[in-house]
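Here's the letter readout for the chains.
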Amino acid sequence: MRMEPMIRVENVGKRYPDGTVAVNELSFDVLPGELAALVGPSGCGKTTTMRMINRLVEPTSGRILVGGRDVMSVDAVELRRSIGYVIQQVGLFPHQTVRRNIATVPSLAGWDKKRIRNRVDELLVLVGLEPSTYGDRYPQQLSGGQRQRVGVARALAVDPPVLLMDEPFAAVDPIERDRLQEEMLRLLATVNKTVVFVTHDIDEAVRLGDRIAVMRQGGHLEQYATPVEILARPANDFVADFVGTDRNVKLLAVTAVDRALLEPAGPQDASSAVIPETATLRDALAVLLESTTGRIRVGNAGVLSMDGVRQALRAAM
């Protein structure tokens, strides 16, 4: 039986009074627990699309359903309180402590003080910040990455089923960005959220997304598919150009090692390097390139050679 989407965008358009079309007849579904990455060049309508989901921008045509309800039939304030929202600049209140920032929506929802405190502590631990160390600090006392973690915690405060994230890691340095992406993957494995994630970075979309919407100027959707499908079979020249000429390298990072390509381990493999059975082809290739035998063990499942990597990549394409 087909799962009902948590978010459904049906023929949605946004046209401004001066005639500018920001989003054009856009349709896609996001299933419960999925992260849908909206990616494309500046001016393609990806942020406008995301902001229409919580009615910070209202569509001029079509409809958007969240949890089966048309967002236009729900009180805007009620809707926004039920959807977590994380933005690039974080938007923390500078004169409030970390604890009070995270407590904003629970307080508005009428939670009692003990429940709020317990929830704030739980969320700080979840995003990797020790409550006793960071709870009473102010935003200016935090690094950019720490502020972004607090922003995520605040968005999760009342446990909303849907999380909207607008280029949340764009303003931090590359090392911190990589760390935040890793934390995001860990977090999403812990909490069951449906996420719409806006980014201009195809590498970030490939790393985080279950499905990716590639958009172009004027709010046109060019392709909506899994990272593997977009990298292996771009729908047209625009998508192929956007994902880049190194798309085969990117494909390695999202393609799992196929057990069907493994060979039985023999005595000669006893000293070979070992990678987890959950490893990607990129993980495998990195270890293989350092191997003196040209063979590595994949957990207890078997042995992978360079030829196996080539076969797997050809199969994905």
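Residues numbered from 1 in each chain as written. Predicted model: local features only at pLDDT ≥ 70, side-chain atom pairs only at ≥ 80, totals over all residues. Heavy atoms only, no water.

**Examining the overall build of the chain**
Turning to step 1, where the next piece is worked out: For the chain, the helix and strand inventory stands at 14 helices and 13 strands.
Turning to step 2, where the next piece is worked out: Relative to its length of 317 residues, the chain is compact, with a C-alpha radius of gyration of 22 Å against a globular reference of 20 Å.
Turning to step 3, where the next piece is worked out: In terms of principal-axis extent, the alpha carbons of the chain reach across some 65 × 50 × 40 Å.
Turning to step 4, where the next piece is worked out: Contacts in the chain between residues at least 24 apart in sequence constitute 65% of all its contacts with a sequence separation of at least 6. (Helix = DSSP H or I, 4+ residues; strand = E, 2+ residues; numbered from the N terminus. Rg over C-alpha atoms; globule rule 2.2 N^0.38 Å. Contact = heavy atoms within 4.5 Å.)

**Describing the pairing of strand β8 (residues 194-199)**
Turning to step 1, where the next piece is worked out: Counting buried residues along β8, six of its six residues qualify, which places the element largely inside the surrounding structure.
Turning to step 2, where the next piece is worked out: Every second residue of β8 is oriented toward a common face, with T194, V196 and V198 on one face and V195, F197 and T199 on the other, all of them buried.
Turning to step 3, where the next piece is worked out: As judged from the five bridges shared by strand β3 (residues 35-39) and β8, these two strands associate in the parallel manner. The residue bridging V39 from the neighbouring strand is T199, located in β8.
Turning to step 4, where the next piece is worked out: For strand β7 (residues 162-166) and β8, the ladder comprises five bridges, and the chain directions are parallel. Following the sheet pairing, M165 is matched in β8 by F197.
Turning to step 5, where the next piece is worked out: One crossover worth recording links β7 to the parallel β8 by way of helix α8 (residues 174-190), and it is right-handed. (Buried < 20%, exposed > 50% of the residue type's maximum accessible area, 1.4 Å probe, protein only. Pairing = 2+ DSSP bridges. Right-handed = clockwise from strand over helix to strand, strands pointing away.)

**Here's the deal with the environment of V57**
Turning to step 1, where the next piece is worked out: Tracing the sequence through the fold places V57 in the loop between α1 (46-53) and β4 (61-66).
Turning to step 2, where the next piece is worked out: What makes V57 buried here is its relative accessible area of 13%.
Turning to step 3, where the next piece is worked out: Taking the C-alpha atoms as reference points, V57 and V254, separated by 197 residues in sequence, lie 34 Å from one another.

**Remarks on empty space enclosed by the protein**
Turning to step 1, where the next piece is worked out: Under the definition given, this model contains one cavity of 30 Å³ or more.
Turning to step 2, where the next piece is worked out: Within this model, the largest cavity holds a volume of roughly 110 Å³.
Turning to step 3, where the next piece is worked out: Along the walls of the largest cavity sit L126, V127, Q148, R149, V152, F169, L180, E183, M184, R186 and L187, which together make up its complete lining.
Turning to step 4, where the next piece is worked out: Of all the elements, α8 adds the most residues to the lining of the largest cavity, at five residues.
Turning to step 5, where the next piece is worked out: When the residues that make up the lining of the largest cavity are grouped by side-chain class, the tally is seven nonpolar, one polar and three charged. (1 Å grid on protein atoms, 1.4 Å probe; cavity = no way out; pocket = protein on both sides within 12 Å on 5 of 7 lines; lining within 4 Å. Points joined across faces, edges and corners; volume = space filled by probe spheres on them. Nonpolar A, V, L, I, M, F, W, Y, C, P; charged D, E, K, R; others polar.)

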